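# What the coordinates show
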Amino acid sequence: MSNLVLYRKYRPKLFGEVIGQEHVVKTITNAIKDNAVSHGYLFAGPHGTGKTTLARLLAKAVNCQQRKDGEFEPCNQCDSCLEINQGNAIDLIEIDAASNRGIDEIRELKEGIRFRPVKSKYKVFILDEAHQLSKDAANALLKTLEEPPAHAIFILATTETHKMIPTILSRCQCFGFRKLQMPEIIKRLEAILKQEKIVFDPAVLTLIAAQATGAMRDAESLLDEIVSFTGQDGKIELEETRVLLGLSDNGSIFRFLDFLARKQTKEAFEFINELAFKAVDLKEFIKSVIQFLREILFLKIDPNFQSPLVLSFTAEEKKQLQELTASFNGLQVKLMLEKLMDAENKMKYASILQLPLELAIVELCAEKS
Ligand SMILES: Nc1ncnc2c1ncn2[C@@H]1O[C@H](COP(=O)(O)OP(=O)(O)O)[C@@H](O)[C@H]1O
Ligand SMILES: [Mg+2]
Ligand SMILES: [Zn+2]
């Protein structure tokens, strides 16, 4: 398992393993069961949410040599399934419109499409980033979609539906893919780690899932990075993960906010200069401080508020956050946020990077509470 590439290794091989996208899975598996697969599909949605995965699953299912009538899962054992899993099936043609805008490929496709599939029932064309097709290529594709031969299936995937030609959309059955939710991502990561027999701190997964912003692929790549860093035998720890993901360490943010709460101008100044001396990225630092203050603002409004950030905290950190929340009133939090956002902005142009932050400290510590 050295150099594992998790997102490839764990690409679902069955419809049943796909997370989310329920309506897409349901409609497509029904069509496979009923032998009523369309000739044109459009899969639209954010990257890393299962478009290519489902396109390949569809190709595999329709060409599976062992699938019985009324079933939809591919067997993953016959020659056709194995070839698709290995990425060398002759009758599955994947074209990336982003890399060459597809002119030659579409021309070939137009010529090639008349010929029956070599080995399988269907010739399946997956056109990735279809919105990037050149005008000529798109027109050629449109002609083909108007009268597709019975043995051809086209699956267009795009992250930007609005850039697609409407006439192409009208020739396809269109599906919107959604971003995956944090609990869905976490469950999948847990399953992967269990299968890889890797020990981990559950808070790490929350942290990764929050960073992935809905893309399963990103979550798996982040996990990959962390696993290759700690090694398979090493336990995955929270602090290490934070450092690897380039997040500020929570301790220093709490300390800084604590100085502000106590209005300790001198200590806050020294602390900032210490960070600068240690080459901590102050822009990232202030960004994190603002993020924490926003959490505190939420907690002021609703003490039971659970954000992704807070979910990734240790019990000790949660307690610290609560204590900080109690030490400010709502107005103070608002003022701190305003002053720090202002400083963050000014840091973009400041000749002495920490000066805007220092001025904000002076103002905030001088405030009467
Ligand atoms: N809905 C999903 N369910 C399970 N795994 C997923 C899902 N979406 C993405 N993945 C994971 O991310 C990887 C890349 O997904 P992919 O289907 O290529 O995304 P897209 O084509 O939408 O950019 C897959 O190999 C798989 O490991
Ligand atoms: Mg894709
Ligand atoms: Zn099969």
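Cut-offs used in this document
- Residues numbered from 1 in each chain as written.
- Chains lettered and ligands numbered in written order.
- Predicted model: local features only at pLDDT ≥ 70, side-chain atom pairs only at ≥ 80, totals over all residues.
- Heavy atoms only, no water.
- Helix = DSSP H or I, 4+ residues; strand = E, 2+ residues; numbered from the N terminus.
- Rg over C-alpha atoms; globule rule 2.2 N^0.38 Å.
- Buried < 20%, exposed > 50% of the residue type's maximum accessible area, 1.4 Å probe, protein only.
- Contact = heavy atoms within 4.5 Å.
- Areas by Shrake-Rupley, 256 points an atom, 1.4 Å probe, with all protein chains shown as cover.
- Lys, Arg positive; Asp, Glu negative; His and termini not counted.
- Charge placed at Lys NZ, Arg CZ, Asp CG, Glu CD.
- Near = heavy atom within 4 Å.
- Polar contact = N/O pair within 3.5 Å; in protein donor to acceptor, adjacent residues only side chain to side chain.
- Nonpolar A, V, L, I, M, F, W, Y, C, P; charged D, E, K, R; others polar.
- Phe/Tyr/Trp six-rings, centres within 6.5 Å; stacked < 30°, edge-to-face > 60°.
- Axes fitted to C-alpha atoms, helices over the stretch in contact; angles between N-to-C directions.
- Parallel < 35°, antiparallel > 145°, perpendicular 65-115°, else oblique.
- Left-handed = near helix turned anticlockwise from the far one by under 90°.
- Donors = N, O, S within 2.8 Å, 3.2 Å for Na, K, Ca; no water.
- Tetrahedral: all angles 85-135°; square planar, octahedral: opposite > 155°, others 65-115°.
- Domains from an automatic or database assignment.
- Buried area = accessible area lost by both parts, 1.4 Å probe.
- Salt bridge = Lys/Arg side-chain N within 4 Å of Asp/Glu carboxyl O.
- Core = buried A, V, L, I, M, F, W, Y, C linked by side-chain atoms within 4.5 Å.

Time to look at the overall build of the protein chain. When helices and strands are counted, the protein chain shows 19 helices and five strands. Relative to the 2.2 N^0.38 estimate, which gives 21 Å for 369 residues, the radius of gyration of the protein chain is 26 Å and therefore markedly larger than a compact globule would have. Seen along its three principal axes, the alpha-carbon backbone of the protein chain occupies a region of about 80 × 45 × 35 Å. Within the span of the protein chain, comprising 369 residues, buried residues form 46% of the whole. Relative to all contacts within the protein chain whose residues are 6 or more apart in sequence, the contacts with residues 24 or more apart total 75%. Carbon and sulfur atoms make up 52% of the accessible area of the protein chain, which amounts to about 19,000 Å² in all. With 48 positive and 51 negative side-chain charges, the protein chain shows a separation of 4 Å between the mean positions of the two kinds.

Moving on, we get to the site of ligand 1. Around ligand 1, 17 residues are found, and the nearest of them are Y7, G48, T52, T53 and E220. Backbone polar atom of Y7 to an oxygen atom of ligand 1: 2.6 Å apart, as the coordinates give it. One nitrogen or oxygen atom from the main chain of T49 is found 3.2 Å from an oxygen atom belonging to ligand 1. The protein chains hide 95% of the 550 Å² of surface that ligand 1 would expose on its own. For the shell around ligand 1, the elements supplying multiple residues, two or more each, are α3 (51–63) and α11 (216–230). A class-by-class count of the residues in the shell around ligand 1 yields seven nonpolar, six polar and four charged.

This part is about the side chain of E317. Inspection of the secondary structure assignment puts E317 in helix α17 (residues 315–327). By relative accessible area, which is 8% here, E317 ends up buried. In contact with E317, not counting residues within four places along its chain, are E239, R242, N250, F254 and S312.

Under the defined criterion, the tally for this structure stands at 13 aromatic pairs. Taken together, a centroid distance of 6.1 Å and an interplanar angle of 70° make the contact between F15 and F72 edge-to-face. Of this pair, F15 sits in the loop between α1 (6–9) and α2 (22–33) while F72 is found in the loop between α3 and α4 (79–86), placing the two residues 57 residues apart along the sequence. On the numbers, 5.8 Å between centres and 65° between planes, the contact of F259 with F271 is edge-to-face. Note that F259 is positioned in helix α13 (residues 250–261) and F271 in helix α14 (residues 265–277), a separation of 12 residues in sequence. Of the two residues, F259 and F271, neither departs from the other in class, the shared state being buried. Following the ring pairs from residue to residue traces out a cluster consisting of Y41, F43, F175 and F177.

Contact pair α2 / α3: the axes reach a minimum separation of 11 Å and the direction vectors enclose 15°. As far as their axial angle goes, α3 and α2 are roughly parallel. Judged by the sense of rotation from one axis to the other, the crossing of α2 with α3 is right-handed. Taken together, the residues of α3 that come into contact with α2 (itself represented by V24, V25, I28 and I32) are L54, L58 and A61. Broken down by class, the residue content of the contact of α2 with α3 amounts to seven nonpolar, no polar and no charged.

On to the coordination of the zinc ion (ligand 3). Taken together, C64 (SG), C75 (SG), C78 (SG) and C81 (SG) make up the full set of protein donors to the zinc ion (ligand 3), lying 2.3 Å away. One way to put it: the four donor atoms around the zinc ion (ligand 3) meet at angles of 100 to 120°, and that makes the site tetrahedral. As a motif over one chain, the donors of the zinc ion (ligand 3) read C-x10-C-x2-C-x2-C. Remark: C81 occurs in helix α4 and C64 occurs in the loop between α3 and α4; sequence separation between them is 17 residues. The exposure classification of C64 matches that of C81, with both residues buried.

Once that is clear, we can look at the domain arrangement of the protein chain. Assigned domains within the protein chain: domain 1 (20–176), domain 2 (182–244) and domain 3 (250–366). For domain 2 and domain 3, the distance between their C-alpha centroids amounts to 27 Å. Each side of the interface is counted separately: domain 2 has eight residues, and domain 3 has seven residues. Where domain 2 abuts domain 3, roughly 510 Å² becomes buried across the two surfaces, and 60% of that area is made up of carbon and sulfur atoms. For the pair domain 2 and domain 3, the number of links is zero residue pairs in polar contact (both at pLDDT 80 or more). Among the elements of the structure, α10 (202–212) and α12 (238–244) are those that each provide at least two residues to the side of domain 2 that touches domain 3. No other element matches the four residues that α10 contributes to the side of domain 2 that touches domain 3. When grouped by side-chain class, the residues that make up the side of domain 2 that touches domain 3 number five nonpolar, one polar and two charged.

When their charged atoms lie close together, side chains carrying opposite charge are able to pair. Inspection of every chain in the model, using the stated rule, returns 14 salt bridges. The salt bridge partner of D258 is R262, with a shortest N-O separation of 3.0 Å. Look at R262 and you get exposed, because its relative accessible area is 53%.

Our focus in this paragraph is the nonpolar core. Counting residues in each nonpolar core, the largest one holds 36 residues, and the members touching the most others are F256, L257, L260, F285, V289, L293 and L340. Among the secondary structure elements, those contributing two or more residues to this core are α13, α14, α15 (282–301), α16 (308–311), α17, α18 (330–347) and α19 (355–366). When residues of this core are assigned to their parent elements, the largest contribution, nine residues, is made by α15. The contacts of L257, once residues within four sequence positions are left out, are V289, F292, L293, I296, L324 and F328. Counting 27 residues, the second largest nonpolar core, distinct from the first, contains V37, Y41, L54 and L58.

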